[in-house]
Amino acid sequence: MKKTFKFKTSNKLLLLSLIVSVILVVIVILINIFRVARAETYYSQYAGERWTGKKMKYGEVSVFYEDGGGIKKNDIRSIENKINQKLYDDSYLESRSESRVWIDGYCGQMAGTLRNNTNTQDVRIYAVGGDFFLIHPIPLAAGSYPDLTSSDKYQVLLDEYTAWNLFGSSNVAGLKIWMDDTIYTVTGVVRVSTDKDYLQAYGNKNSVYIPAEAFAKTTTDENAEDVLEITCYEAVVPNPIKNYALNTVTQAVGLEEESEEELKKQRSTLHFAGLEVVENTDRFGLVSLYKRNRDRKYVDMKTNHIVYPFWENLARFEQSREIKTVRLMAVLLIIPILTVLSGLVWLFRRRKVAYKPFIAIKDKISQKMENKKIKRYEELQRKKAEEAGMAEAVKKSDETENETGDGEDE
């Protein structure tokens with residue numbers, strides 16, 4: 001009786017742990033769905049996914065430069081030529097001038113002052129170029145993005161705070177403002193999220209966006225565009241195999257490609273150079289989060305003077321939050337994992353009892369097959385007997401006919 005009671009109690013505990021495990025697994029699945037959905041709101045990190053089609057995958061790669069150590073417009077052209085050459089050599093471009101197979105954008109940031117007839121506003125200016133707004137489809141409250149291909153380079157995109165401080169409204173497309181002694185036309189207004197984390201990364205200064213060409217010198221000097229220091233370069237490049245886009249951009253900006261084995265041999269995983277290359281694609285994936293989690297204890301070590309734009313700071317914050325979420329998911333999965341292991345041990349210890357239903361099914365199938373064989377054998381014997389009987393009857397019939405014929409002859 002005691003053994004029976006113990007056996008039933010252990011069964012109840014196993015059943016209870018199984019129910020709890022199912023509930024925890026469902027919770028983990030829901031948390032992961034929420035985690036992925038939240039990460040997808042960081043639109044600037046998903047340009048590669050937006051460009052990915054049925055025939056080709058794409059990867060998004062960002063390069064950040066130190067303040068005071070940025071690059072110029074001529075350097076951008078050199079990077080683009082190297083990427084084009086690499087894609088052409090690997091047969092991803094039919095000609096070296098075919099650039100729409102991939103896109104890139106860049107920006108530099110500086111402080112400035114805007115004014116109209118009555119108000120003045122200190123702002124952070126993002127001077128942007130290339131396909132910046134394809135990579136960063138910033139939500140708009142009104143108007144449109146500046147046309148970076150237009151001959152009219154004096155355009156400006158305000159954020160909501162700047163628009164309200166200068167004009168008292170967000171419907172200001174077409175109005176004029178001054179930046180230094182130059183008049184700019186407002187093309188639209190950026191919607192600023194009210195999320196607390198977003199505002200922390202956005203900073204206390206309001207932001208505006210202007211074409212990079214607006215910073216060109218008003219001279220005929222061939223180096224006129226070198227006034228702007230570009231501290232952020234981004235490219236969305238074909239990524240047919242793992243790390244192809246990352247390695248292509250890394251080589252184009254002048255860094256050596258390093259294999260995973262070479263990276264493991266390095267004493268430090270921190271960035272000591274004046275630039276940092278970041279692979280945005282799948283940065284919120286479980287594998288990427290695991291790799292970043294390994295170096296989290298070194299996150300406060302500052303080894304360069306890179307000042308990240310607010311969207312990169314926000315992405316890095318989200319990575320840290322996602323790591324905490326994944327840790328919570330791992331803790332919640334401890335009980336289900338232990339339950340599965342306990343169930344396997346229970347089955348192993350009671351394998352004879354546990355296998356009885358399967359053995360019975362196997363025996364039943366074997367018996368049915370044996371019965372079919374017997375029936376086939378009996379059917380075959382019956383047919384043979386019938387054939388033998390028919391042959392004997394035919395033989396007797398022939399003999400009778402022969403005897404009758406002999407009698408008639410006599």
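Cut-off values and rules
- Residues numbered from 1 in each chain as written.
- Predicted model: local features only at pLDDT ≥ 70, side-chain atom pairs only at ≥ 80, totals over all residues.
- Heavy atoms only, no water.
- Helix = DSSP H or I, 4+ residues; strand = E, 2+ residues; numbered from the N terminus.
- Buried < 20%, exposed > 50% of the residue type's maximum accessible area, 1.4 Å probe, protein only.
- Contact = heavy atoms within 4.5 Å.
- Areas by Shrake-Rupley, 256 points an atom, 1.4 Å probe, with all protein chains shown as cover.
- Salt bridge = Lys/Arg side-chain N within 4 Å of Asp/Glu carboxyl O.
- 1 Å grid on protein atoms, 1.4 Å probe; cavity = no way out; pocket = protein on both sides within 12 Å on 5 of 7 lines; lining within 4 Å.
- Points joined across faces, edges and corners; volume = space filled by probe spheres on them.
- Nonpolar A, V, L, I, M, F, W, Y, C, P; charged D, E, K, R; others polar.
- Polar contact = N/O pair within 3.5 Å; in protein donor to acceptor, adjacent residues only side chain to side chain.
- Phe/Tyr/Trp six-rings, centres within 6.5 Å; stacked < 30°, edge-to-face > 60°.
- Disulfide = S-S within 2.5 Å.
- Arc of directions from axis to C-beta.
- Expected span 1.5 Å × (residues − 1).
- pLDDT = per-residue confidence, 0-100.
- Axes fitted to C-alpha atoms, helices over the stretch in contact; angles between N-to-C directions.

Along the backbone of the protein chain there are 12 helices and 10 strands. For the protein chain, with 410 residues in total, the buried portion stands at 35%. The contacts of the protein chain with a sequence gap of at least 6 include a subset with a gap of at least 24, amounting to 76%. Just so you have it, the protein chain exposes about 25600 Å², and 56% of that area is on carbon and sulfur atoms.

This paragraph deals with the pattern of salt bridges. Under the counting rule described, the total for this entry stands at 12 salt bridges. In this structure, K86 and D90 form a salt bridge, with 3.3 Å as the shortest nitrogen-oxygen distance. The partly exposed category is assigned to K86, whose relative accessible area is 28%. Between D197 and R321 there is a salt bridge, and its shortest N-O distance comes to 2.9 Å. Here the residue D197 occupies a position in helix α6 (residues 196–202), and R321 occupies one in helix α10 (residues 310–332), the gap between them amounting to 124 residues. R321 gets classed as partly exposed once you look at its relative accessible area, which sits at 22%. Residues participating in the shared-partner salt-bridge network are R35, R38, D197, E318, R321 and E322.

Under the definition given, this model contains two cavities of 30 Å³ or more. Of the voids in this model, the second largest cavity is the one considered here, and its volume is about 40 Å³. Lining the second largest cavity are Y43, S44, F132, H136, I138, F310 and W311. Its residues placed into classes, the lining of the second largest cavity shows five nonpolar, two polar and no charged.

On to the side chain of T339, then. Looking at the secondary structure, you find T339 in helix α11 (residues 334–349). Side-chain polar atoms of T339 contact the side chain of S21, separated by 2.8 Å. Once residues lying within four places of it in the same chain are set aside, the contact partners of T339 are S17, L18 and S21.

Scanning the entire structure with this criterion turns up 18 aromatic pairs. Note on Y92 and Y244: the rings are 5.5 Å apart at their centroids and 75° apart in plane angle, and the pair reads as edge-to-face. Separated by 152 residues along the polypeptide, Y92 in the loop between α3 (73–89) and β2 (103–115) and Y244 in helix α7 (residues 244–252) bring together distant segments of the chain. Classification of Y92 by relative accessible area gives partly exposed; the value is 27%. Note on F133 and Y145: the rings are 4.7 Å apart at their centroids and 15° apart in plane angle, and the pair reads as stacked. One end of the pair, F133, is in helix α4 (residues 132–135); the other, Y145, is in the loop between β4 (140–143) and β5 (155–159), with 12 residues separating them in the sequence.

Once that is clear, we can look at the environment of G112. By the element assignment, G112 lies in strand β2. With 96 residues separating them along the chain, G112 and V208 place their C-alpha atoms 9.6 Å apart. Excluding its chain neighbours within four sequence positions, the residues that come into contact with G112 are Q121, D122, V123 and I125.

The subject of this paragraph is unusual backbone geometry. For D180, which is not a glycine, the phi torsion comes out positive at approximately 60°. The exposure class assigned to D180 is exposed, which follows from its relative accessible area of 61%. Of note, N243 is a non-glycine position whose phi angle comes to about 70°, a positive value. Secondary-structure assignment places N243 in the loop between β9 (232–238) and α7. Exposure remark for N243: the relative accessible area of 22% places this residue in the partly exposed category.

Here we take up the environment of Y43. Topologically, Y43 is positioned in the loop between α1 (2–39) and α2 (47–51). Accessibility expressed as a relative area gives 22% for Y43, which makes it partly exposed.

Moving on, we get to the state of the cysteines. Evaluation of the coordinates by the stated rule reveals zero disulfides. Cysteine C107 is unpaired, with the sulfur of C232 as its nearest cysteine sulfur at 4.3 Å.

Once that is clear, we can look at helix α5 (residues 160–167). Buried within α5 we find E160, T162, A163 and L166. Along the axis of α5, the buried residues cluster in a sector spanning 165°; they form a single face. G168 sits one or two residues past α5 and shows a positive phi near 75°.

Here α3 is 17 residues long and its end C-alpha atoms lie 25 Å apart, about the 24 Å a rise of 1.5 Å per residue gives. Three or more residues of α3 are buried, namely K73, I76, I79, I83, N84 and L87. Around the axis of α3, the buried residues are gathered within 135° of arc, so they sit on the same side. Its buried side turned inward, α3 meets β1 (58–65), β2, β9 and α7. Of the residues flanking the end of α3, it is S91, one or two places downstream, whose phi is positive at about 65°.

Time to look at the confidence of the model for the protein chain. Residue-level pLDDT values for the protein chain average 83, and 82% of them are 70 or greater. Predicted confidence for residues 217–221 stays below pLDDT 50, and this span has three contacts to residues more than four positions away or in other chains.

The next subject is the packing of α10 against α11. How two helices sit against one another is set out by the angle between their axes and by the gap between those axes. Between α10 and α11, the least distance of the axes is 4 Å, while the angle of their chain directions is 30°. Touching A330, V331 and L332 of α10 are I334, I335 and P336, all from α11. Looking at the contact of α10 with α11 residue by residue, the classes come out as six nonpolar, no polar and no charged.

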